[in-house]
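# A closer look at the structure
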Number of protein chains: 2
Amino acid sequence: MNTPNASPLNVDALFIGPKSENRVFFKEMMEYAVSEHLHWRADFHPEDPALVTPVEQHAGDFRQTLYRTEGILRQLSSKLKNTSVPWFSPRYLGHMNADTLMVSNLAYVMTMMYNPNNCAHEASPTTTELEVEAGLDLCRMFGYDPKRSWGHITSGGTVANYEGMWVARNLKTIPLAIAQHEKARDLVAGKSEKELLNLSPSAVLDLTDELKKRGLFEEVRALSCRGVGIKQGSLGKILVPQSKHYSWMKAMDVLGIGQEHIVPLPVDENYRTDVAKMREITFRLIKEGHPILAMVSVVGTTEEGSIDHVDEVIKLRAECERKYGASFYVHVDAAYGGYVRAMFLDEDNRFMDYDALLARYRAEDIIPAGVTWPKHDVYEGFKAMAEADSITVDPHKVGYIQYAAGAVCMKDKRIVDLISYHAAYVFEEVDEAEGADTKVVLGSSIMEGSKAGATAAAVWAAHRLVPLNIGGYGKVIGRGIVTADWFAQRLASAKPLTVGRRRFEVRPIMHPDFHMVNFTFKEIGNDSLEDHNRLNKKMYEICSYASGRTYTNDFLTSSTSLSVEEYGDTPWHYVASRGFSRAEWDKVESVYILRAAVMTHFLRKAEDFDAYWEQLREVFAAKLAHIVDMEDKTGADTLIAA
Amino acid sequence: MNTPNASPLNVDALFIGPKSENRVFFKEMMEYAVSEHLHWRADFHPEDPALVTPVEQHAGDFRQTLYRTEGILRQLSSKLKNTSVPWFSPRYLGHMNADTLMVSNLAYVMTMMYNPNNCAHEASPTTTELEVEAGLDLCRMFGYDPKRSWGHITSGGTVANYEGMWVARNLKTIPLAIAQHEKARDLVAGKSEKELLNLSPSAVLDLTDELKKRGLFEEVRALSCRGVGIKQGSLGKILVPQSKHYSWMKAMDVLGIGQEHIVPLPVDENYRTDVAKMREITFRLIKEGHPILAMVSVVGTTEEGSIDHVDEVIKLRAECERKYGASFYVHVDAAYGGYVRAMFLDEDNRFMDYDALLARYRAEDIIPAGVTWPKHDVYEGFKAMAEADSITVDPHKVGYIQYAAGAVCMKDKRIVDLISYHAAYVFEEVDEAEGADTKVVLGSSIMEGSKAGATAAAVWAAHRLVPLNIGGYGKVIGRGIVTADWFAQRLASAKPLTVGRRRFEVRPIMHPDFHMVNFTFKEIGNDSLEDHNRLNKKMYEICSYASGRTYTNDFLTSSTSLSVEEYGDTPWHYVASRGFSRAEWDKVESVYILRAAVMTHFLRKAEDFDAYWEQLREVFAAKLAHIVDMEDKTGADTLIAA
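Residues numbered from 1 in each chain as written. Chains lettered and ligands numbered in written order. Predicted model: local features only at pLDDT ≥ 70, side-chain atom pairs only at ≥ 80, totals over all residues. Heavy atoms only, no water.

## A short note on the overall build of chain A
Assigned secondary structure in chain A consists of 22 helices and 13 strands. On the principal axes, the C-alpha backbone points of chain A span a range of 85 × 80 × 50 Å. Taken over 642 residues, chain A has a buried fraction of 68%. Put simply, 77% of the contacts in chain A that link residues at least 6 apart link residues at least 24 apart. As displayed, chain A has an accessible area near 20800 Å², and 50% of this comes from carbon and sulfur atoms. Both charge centroids of chain A, one from 72 positive and one from 88 negative side chains, sit 3 Å from each other. (Helix = DSSP H or I, 4+ residues; strand = E, 2+ residues; numbered from the N terminus. Buried < 20%, exposed > 50% of the residue type's maximum accessible area, 1.4 Å probe, protein only. Contact = heavy atoms within 4.5 Å. Areas by Shrake-Rupley, 256 points an atom, 1.4 Å probe, with all protein chains shown as cover. Lys, Arg positive; Asp, Glu negative; His and termini not counted. Charge placed at Lys NZ, Arg CZ, Asp CG, Glu CD.)

Here you go:
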């Protein structure tokens, strides 16, 4: 669909900009979008009379209604301007938020006025096709074969994770359902229940092909958990890293599997799944006779931005199949980090060799000298995503698209038949010759129903303008990665900040896997972990909406706690490095940290970043002074020092 | 929040209009929305330097990137204009689509640029509050006590239905979980398992209060199906009318309950749940020892727009509690018809007496003489919604808000604790004194996660401008109801349409409960039901996107099939009235119908409607002539006559 690009993409031309630098263009295109639609309406059957006349439009109650409309919009504008968070500014380094692509905002507005509903092709003749195309874009980015895979937009990563587990769950119960059907059970003759619960996803899908040939697919599907409900505890365990998003706990509840069937996998000091422990736990479960329903890898943990060793999961599955005849489903939760895979792809969607990749980064100044990215582990993790059965990815995170746009991709689209439905009023008979793929009735093949076609247009337009490879999203995302690296480096070597006689040191938790930098402040000489946590919590409060209007703040960030309850002993690595005693850690069992997803594109010039860093140091010093000042006023007990 | 309204709402001033009549105002407000945001950005720390300079903006690759952006938007515009469906025109009478409120479109655009995420209050300080407010607006409309109830926005009715069944499912397993906990089981001492599965929703919620007092709530909750998974077949039956949306089958799959636990309730000749049969089935299930998990009522069936006897469901529950000690959860799927409840409410949110209501309709010309609305049954059905445990409603249907905006309301907000979650990075400690209600972290209390704050703003703004009572939405929705009534009346008495020597009659299936009119064409003298169905299917094809570009069509509608498989013998009433033999019905077992949700506001003047109807008759005649012509050319076998 893309016309060949004569000149490279200019990242600065993609966003409105922190000073609304591109306001003229944005307004011009907004006017275009609106006018196009208004004229389209008026031009539909020009012979039809206007049903509202100018005379009526000048009546008192008509004008009053317009004025009231304006009044409500003014009220909304004042609310938004008062308390919204300035994501667009480099002063904001917190959640996965930044400026969003102009083209996706404009495409949304343009499409919204036509109001398509992507539930059914009939209600969205244009945008269902755009959604299918955008879904395949994502499949290609993940290394899936676009002829055999399938992807679509969800309202967010949470629903995408549900859908991944939904197909995995239904898939797991198909072999047992086959064994129960008298005309099908020969397909699994001689297999024990244990063996049936340990078939590989592709083996189960091959069985469904056979069922379809025999005309038994629907009958057998009705005998799977979809039809008869879940048999408590029968489906096996779901292995999810401790660093998981809380949507995984929700998923186990929603899907009726039960949260106790999650087996948390410990993470290593980089907050990635600990490979040795993952292997140990997996082998133990198999030996104990537990089937494994699914293994979840996280590409971009919510709290640390860490990239799991997806390659090790894929290797482990092969090993389990070979050694024990035990297979399982692999889902990658790349809600946060999925789009980063574009950093590794050349213009032909080939995952580049490591050395060629680095050479290209240098040649095009995507990753400059002095910045080491990607780590080998991270490279291998992204590469192996192509082998996962399904992947969650959020266009509204590192796709730089406005909310709400999540997505899920499935490696083998046959799996969709395990969850698909049809209803008379949405189901259209599809003429295969006309291209069945794009006339799909999405609502009957996905978890959700009605959905805005405008979202599909926004994602589609972004993908057309910014290709999902090194020359497109690679350039956009690369900027944040470089800035994050610089930020982490500065934090790691920053001189102490002085407030009166007191001195404070700031340090990053670890070197980021892509662009999330976590860090804490510590008063030099105060080795109380509780005081440390209180200081950082206070710092968060005065650098966030928690202390009032963000618009008047100098710096904004987010925060989280890393506790023993959720992470075991992993945070101890950092706590120890900051000079706290083991006794402190064992007492407090939690470290409060500041959390910055460095997504801004606007600090990519070294001189801009240097100026920014100098200013930031001053801001940090002023914030610390403010905290010390409050502490002095209110008494030492309530703030930093206990 | 509303300022007192000096003058009444003018419905024509709420929409862009089929001829873009309000284009000047819409463009002005759009310009206002965009400018407000652009200046807000620029005014944030005016001392910060622009990071993109005019010199850079005039570089070749910068301009090229802008031109490419424009090119993609032009491409999108051409796609949208080519194949979108003109919902805004009275020529479109099909799905639940019409022109949408200007204020909600403008509020969406205004808010989208700030890009709030209503998953967490931190990411949406403004719009989480707007969502809570909009949710309570809906609760009030349904007669719920706003202090005890809770409502929120979902991506659509499908997810809202899931959420209603999710809470019902978890609730059902709490009493058994209590019985399993040694420190709690005294609360249910002496109760058999059967009794525990038949407790009323409010009795279970009272038990959870006691658990919270004892500090055992979380432990017991972990013993409910949320923690341990579903025990196959243990939860009882879900009674859903045959007229159900297919999302109910999806819900049973997603939630792990199993589709076979749905008990379909037959519908009467008005396509409402058949009360006598509902009672009979319910009593039989109770006598057979099956617990009932939930009873679902539909307010606005997808295919017929029928309003279930919610009052009879509420009465039945009370009767079952009294006679058999058996209670169940009641959910109302009012995705389609929910907003119609505004038709019954005065400005103080009181559900008006029937006679006073009719008097007011006449006095304000909301329902003119000659139109009978509401039927008594419909009135009682809407009234009883206040007694349901939860309600699904779609702002993107009869709320006249653009996609995607569904919602779910819960009568007793204590129920949310049965599904709520917290995660470190979204959970904020809430200061009760500052108003805990609006600082809620939505993502931890609902099914979905990330969600556009812009949707909340769109719904909130609509509710501020158009109050959820007779003077607001009542006026908007009333227009469609009146037009639908006129349309049904004309169809019922329409003279035959003549094509050469052949004569065709058009008739409505039934008188609408609110604004959906289903109808079919029949050739006079041809009593083959297959031919009838073929004729109407052909009519649909040439009056929809199925035959190509809708923009060049004269009339657009939707269609569906009413079959024995889904509706039992109900469609026979209409089939018989059209003169088909019982043998025909028993052979074909399905009737193909045209389906028109009459949502347009623009035909409310009798003279406009008359002119429209005359034109429509000509269109119908021309369409029939076209079909006859095709038939003549291609041979009788393929089209109307077999």
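Now that the structure has been shown, we can carry on.
## Notes on the interface of chain B and chain A
Tallying the contact residues gives 175 residues for chain B and 175 residues for chain A. The interface formed by chain B and chain A holds 16 salt bridges in total. Taken together, the connections running from chain B to chain A amount to 99 residue pairs in polar contact (both at pLDDT 80 or more). Sort the elements by how many residues they give to the side of chain B that touches chain A and helix α3 (residues 60–83) of chain B lands first, with 18 residues. Class assignment of the residues belonging to the side of chain B that touches chain A gives a composition of 80 nonpolar, 55 polar and 40 charged. (Salt bridge = Lys/Arg side-chain N within 4 Å of Asp/Glu carboxyl O. Polar contact = N/O pair within 3.5 Å; in protein donor to acceptor, adjacent residues only side chain to side chain. Nonpolar A, V, L, I, M, F, W, Y, C, P; charged D, E, K, R; others polar.)

## Digging into the state of the cysteines
Applying the stated rule across the entire model yields 0 disulfides over all chains. Left without a disulfide partner, A:Cys225 is nearest to the cysteine sulfur of B:Cys225, which lies 14 Å away. (Disulfide = S-S within 2.5 Å.)

## Describing the relation of the copies chain B and chain A
In the superposition of chain B on chain A (RMSD 0.0 Å, axial shift 0.0 Å), the rotation amounts to 180°. Such values leave the two copies arranged in the relation of a two-fold axis. Interface overlap between copies is the fraction of interface residues in one copy that are interface residues in the other; for chain B against chain A it reaches 100%, indicating a shared surface. (Least-squares fit on C-alpha atoms with pLDDT ≥ 70 in both.)

## Description of the side chain of A:Arg226
In this structure, A:Arg226 sits in helix α10 (residues 225–228). We classify A:Arg226 as buried; its relative accessible area is 5%. Among the polar contacts listed, one links the side chain of A:Arg226 to the backbone oxygen of A:Ser420, at a separation of 3.1 Å. When neighbours within four sequence positions are excluded, A:Arg226 is seen to be in contact with A:Asn170, A:Arg221, A:Leu418, A:Ile419, A:Ser420, A:Tyr421, B:Asp253, B:Gly258 and B:Gln259.

## Regarding the packing of helix α5 (residues 127–141) of chain A against helix α16 (residues 453–465) of chain A
All names here are of chain A. Viewed as axis vectors pointing N to C, α5 and α16 meet at an angle of 45°, and their least axial separation amounts to 8 Å. In terms of orientation, α5 and α16 fall into the oblique class. In this structure, the crossing between α5 and α16 has a hand that is left-handed. Contact residues: α5 offers Thr127, Leu130, Glu131, Glu133, Ala134, Asp137 and Leu138, while α16 offers Gly453, Ala456, Ala457, Val459, Trp460, His463 and Arg464. Looking at the contact of α5 with α16, its residues break down into 7 nonpolar, 3 polar and 4 charged. (Axes fitted to C-alpha atoms, helices over the stretch in contact; angles between N-to-C directions. Parallel < 35°, antiparallel > 145°, perpendicular 65-115°, else oblique. Left-handed = near helix turned anticlockwise from the far one by under 90°.)

## A word on unusual backbone geometry
Looking along the chain, the bond that leaves A:Trp373 and enters A:Pro374 is cis, with omega of -5°. Within the element layout of this structure, A:Pro374 appears in the loop between α14 (354–363) and α15 (376–383). Here B:Tyr403 and B:Ala404 are connected by a cis peptide whose omega angle stands at -5°. Take B:Ala404: it is sitting in the loop between β7 (390–393) and β8 (406–410). In this model, A:Asn349 sits at a positive phi of 65°, which is unusual for a non-glycine residue.

## Quick word on the nonpolar core
Within the largest apolar cluster, 425 residues are counted, with the highest numbers of intra-cluster contacts made by A:Tyr339, A:Tyr473, A:Phe487, B:Trp373, B:Tyr473 and B:Phe487. Excluding anything up to four places from it in sequence, B:Trp373 contacts B:Val340, B:Met343, B:Phe344, B:Leu358, B:Tyr361, B:Ile367, B:Val378, B:Ile481, B:Asp513 and B:Phe514. (Core = buried A, V, L, I, M, F, W, Y, C linked by side-chain atoms within 4.5 Å.)

## Let's talk about the UniProt feature "modified residue: N6-(pyridoxal phosphate)lysine" (unreviewed entry) in chain A
All names here are of chain A. When the UniProt feature table is mapped onto this chain numbering, "modified residue: N6-(pyridoxal phosphate)lysine" (unreviewed entry) sits at Lys397. Mapped onto the elements of the fold, Lys397 is located in the loop between β7 (390–393) and β8 (406–410). Since its relative accessible area comes to 13%, Lys397 is described here as buried. Side chain to side chain, Lys397 and Asp394 meet in a polar contact 2.6 Å long. (UniProt positions renumbered as here; feature names shortened; annotations may be inferred.)

## Section: helix α18 (residues 529–542) of chain B
Residues and elements named next belong to chain B. Between its first and last C-alpha, α18 extends 20 Å over 14 residues, near the 20 Å set by a 1.5 Å rise per residue. The element α18 is largely enclosed, with a buried count of 10 among its 14 residues. Looking at α18, one finds that the buried residues are Leu529, Asp531, His532, Asn533, Leu535, Asn536, Lys538, Met539, Tyr540 and Ile542. (Expected span 1.5 Å × (residues − 1).)

## Some thoughts on the side chain of A:Ser563
All names here are of chain A. Tracing the backbone through its elements, the reader meets Ser563 in strand β12 (residues 556–563). The exposure class of Ser563 is buried, given its relative accessible area of 13%. Discounting residues that sit within four places of it in the chain, Ser563 has contacts with Gly568, Glu589 and Ser590.

## Thoughts on the sheet that holds strand β11 (residues 516–523) of chain A
All names here are of chain A. Here we have 6 strands laid out as an open sheet, ordered β1-β12-β13-β11-β10-β9, and mixed in their pairing. If you trace the sheet from one side to the other, it starts and ends with β1 (92–93) and β9 (497–499), each paired once. With 4 bridges joining them, β11 and strand β13 (residues 590–597) adopt antiparallel strand pairing. Within β13, the residue paired with Asn518 across the bridge is Arg595. (Pairing = 2+ DSSP bridges.)

## Some thoughts on the packing of aromatic side chains
In this description, an aromatic ring pair is defined by two values, namely the gap between the centres and the angle between the planes. All names here are of chain A. Applying the stated criterion to the full structure yields 55 aromatic pairs over all chains. With centroids separated by 5.5 Å and ring planes inclined at 75°, the aromatic side chains of Tyr271 and Tyr567 adopt a geometry described as edge-to-face. Of the two residues, Tyr271 is situated in the loop between β4 (262–265) and α12 (275–287) and Tyr567 in helix α19 (residues 564–567); the sequence distance between them amounts to 296 residues. Tyr567 matches Tyr271 in its accessibility class, with the two residues each being buried. (Phe/Tyr/Trp six-rings, centres within 6.5 Å; stacked < 30°, edge-to-face > 60°.)

## Considering the pattern of salt bridges
Residues and elements named next belong to chain A. If you walk through the whole model with that rule in mind, you get 104 salt bridges over all chains. Across the salt bridge formed by Arg279 and Glu319, the nearest N and O atoms sit 2.8 Å from each other. Taken together, the residues span a long stretch of sequence, with Arg279 in helix α12 and Glu319 in helix α13 (residues 310–324) at a distance of 40 residues. A relative accessible area of 24% places Arg279 in the partly exposed class. Residue Asp586 pairs with Arg582 through a salt bridge whose shortest N-O separation is 3.2 Å. A residue pair is termed a helical-turn pair when its members lie 3 or 4 positions apart in one helix, as Asp586 and Arg582 do in helix α21 (residues 582–588) at 4 residues. The partly exposed category is assigned to Arg582, whose relative accessible area is 34%. Linked through salt bridges whose partners overlap, the residues forming this network are Arg148, Asp206, Asp209, Asp412 and Arg414.

## Some words on the sheet that holds strand β5 (residues 292–298) of chain B
Residues and elements named next belong to chain B. Overall, mixed pairing links the 7 strands, which are arranged β2-β8-β7-β6-β5-β3-β4 in an open sheet. The open sheet is flanked by β2 (150–154) and β4 (262–265), the only strands paired with a single partner. Pairs of neighbouring strands in the sheet enclose a mean axial angle of 20°, with direction left out of account. Inspection of the sheet shows β2 paired to β8 by 5 bridges, in the antiparallel sense. From the neighbouring strand, Gly151 faces β8, where its bridge partner is Cys409. Contacting β2, β3 (237–241), β5, β6 (329–334), β7 and β8, helix α6 (residues 157–180) runs over the sheet at an angle of about 180° to β6.

## Topic: the environment of A:Gly325
Residue and element names in this part refer to chain A. Topologically, Gly325 is positioned in the loop between α13 and β6 (329–334). The class of Gly325 is partly exposed, set by a relative accessible area of 45%. Remark: the alpha-carbon pair of Gly325 and Arg503, spanning 178 residues in sequence, is separated by 59 Å. Ignoring any residue separated from it by four or fewer positions in sequence, one finds Gly325 in contact with Asn198 and Cys320.

## Some remarks on the packing of helix α17 (residues 473–493) of chain B against helix α22 (residues 606–634) of chain B
The packing of two helices is summarised by the inter-axis angle and the distance between the axes. Residues and elements named next belong to chain B. Packing of α17 against α22 leaves a shortest axis separation of 11 Å and a crossing angle of 45°. Between α17 and α22, the angle is such that the two are oblique. Between α17 and α22 lies a crossing whose hand is right-handed. Contacts between α17 and α22 involve Thr483, Trp486, Phe487, Arg490 and Leu491 on the former and, on the latter, Ala606, Phe609, Asp610, Trp613, Leu616 and Phe620.

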